[in-house]
Amino acid sequence: MAFLTSLGSKGSDSSKAPVGERILNTNPVLEAFGNSRTARNNNSSRFGKYTKMYFDVSDGMVMGAEIKNYLLEKSRVTGSTDKERNYHIYFFMIRGCDEDVAKRLDFLKPDKSRKSFPDFKYLSKCNDLPVEKDVKEYKELMDAFSTLGFTKGEVDAIHSITAASLHIGELELDVKTYNEGKTPVSIKNKDKLKQIASFLGIQSPEDLEVEIVNKEAMQGFGRTPAKPDAVGDAVKSLAKALYNNMFDWLVAKMNVEILPDDIKSREPAAVQEFGLKTKTIGLLDIFGFENFELNQFEQLCINFVNEKLHNLYICSVFGSEKKEMEREQLEITLKLPDMKVTRVLLLMNSKKAPLGLFQNVDDKSGGGLGTDDKDKRVQELYNVITKTHDPTK
């Protein structure tokens, strides 16, 4: 991206940093919130990103860009293995923010010293990187926010929501208060609940608790107490949803700052006219293929995307070469490599018999198994998949 913006950039608003500089400053933000340490890589992208860059056909100068993000690995928000760590931003904030911010976000111990990442449940099993690096990159992140036009209020809100997603892991559930159909699980540490509600701008902590410990009644009218396991899942789901929605908002906010003014209206006529005087280059940066000791469903989706792109690349390259040879009336001697990847894709995503894994998950996990017992539902789903796709064959 630095190379593509090296010719310079155009923009009509002199009060802002050059658009090329703004585009480059999206990287520190996306890496802070979307990258983490894995067993193979200290700065692994845990989401997919497609960046479309617009260039003036007359002089090659960059006029703007647009980012699309895909499949953020939400499961990482609530923990990782001891060979990895959670998203960088948690470590940046705990170590890099100033004392006032640390106090507001409850990152200080009673003796006023700074908390460490093992003090938080969602970070307690994480591996680590040098403290100095995290502090340095937090400063770079704050500089990037400034260059991209984030207001102080927006940066404060980002800090608060990120902190809320972390502190949610500290909620303690009292399952003894649960009585099926009558009274729900309760949250023991009300002060922590109040703190999280404050971070999220929720005036009544009690309302937040009601949403966490209850579920919709079967008929869709009113609320009924959720089972203890479901409440535990709801706590984690809340943390993941907060983080994911904030990440989507960050991308949308940055697009406002880097998208060319001529097409911000999205009006078809304006887009068509703009297309006549520009060329585009698309940059795809996807999460890496990984094989962990415990692979979550999200990692399966990530690996599936990698295989799909691998298949697309092979077909595209060999297909274009074949057409070129036909056009030049050459003898076609090209041999496609062993397309094992095609069989993998069918195993995963076939919509015809035998149905692929994703289709079986869709068909069998939406309530059609006749029970709310999670372990039984998982076992029945496993039986369907292994019957359809015998692992011994």
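All residue numbers refer to position in the chain's written sequence, counted from 1. Per-residue local features of the predicted model are confined to residues with pLDDT of at least 70, and side-chain atom pairs are confined, for both listing and counting, to 80 or more; whole-chain, interface and lining totals are unaffected and use all residues. The basis for every side-chain value is the complete set of non-hydrogen atoms in the structure, without hydrogens or water.

Caption draft 1: Representation of the pattern of salt bridges in the model. The working definition used for a salt bridge is a side-chain nitrogen of Lys or Arg within 4 Å of a carboxyl oxygen of Asp or Glu. Scanning all chains against the criterion turns up 23 salt bridges. Between Glu257 and Lys16 there is a salt bridge; the shortest N-O distance is 3.3 Å. Of the two residues, Glu257 sits in helix α9 (residues 228-258) while Lys16 sits in the segment before α1 (19-24), which places them 241 residues apart along the sequence. Exposed residues in this analysis have more than 50% of their type's maximum accessible area, buried residues have under 20%, and partly exposed residues fall in between, with area computed by a 1.4 Å probe over protein chains only. You can call Glu257 buried: its relative accessible area is 8%. Overall, the relative accessible area of 31% leaves Lys16 in the partly exposed class. Residues joined in a network through salt bridges with shared partners are Lys16, Glu154, Lys253 and Glu257. Secondary structure elements are defined from DSSP: runs of H or I of at least 4 residues count as helices, runs of E of at least 2 residues count as strands, and each element is numbered from the N terminus.

Caption draft 2: Focus on the packing of helix α6 (residues 152-167) against helix α7 (residues 190-199). Relative to each other, α6 and α7 sit at 155 degrees, their axes nearing to 8 Å. Taken together, the axes of α6 and α7 lie roughly antiparallel to each other. Considering only the axes of α6 and α7, their crossing is left-handed. The residues of α7 that touch α6, namely those facing Ser160, Ala163, Ala164 and His167, are Lys192, Gln195, Ile196 and Phe199. Charged residues are taken to be Asp, Glu, Lys and Arg, nonpolar residues to be Ala, Val, Leu, Ile, Met, Phe, Trp, Tyr, Cys and Pro, and polar residues to be all remaining types, Gly included. Tallied by class, the residues present in the contact of α6 with α7 amount to four nonpolar, three polar and one charged. Only the stretch in contact is used when fitting a helix axis, every axis being a line fitted to C-alpha atoms; angles between N-to-C directions are given from 0 to 180 degrees. Relative orientations are named as follows: roughly parallel for angles under 35 degrees, roughly antiparallel for angles over 145 degrees, roughly perpendicular for angles from 65 to 115 degrees, and oblique for any other angle. Crossings are classed by handedness, with left-handed meaning an anticlockwise turn of the near helix from the far one by less than a right angle and right-handed meaning a clockwise turn. Should any heavy atoms of two residues lie within 4.5 Å, those residues are considered in contact.

Caption draft 3: Representation of the sheet that holds strand β4 (residues 62-70) in the model. Here, strands pair whenever DSSP counts at least two bridges between them. Strands sit in the order β4-β3-β9 across an open sheet of three strands; the sheet is antiparallel. Since the sheet does not close on itself, it has two edges, and those belong to β4 and β9 (278-285), each with one partner. When strand polarity is set aside, the average angle formed by the axes of neighbouring strands in this sheet is 15 degrees.

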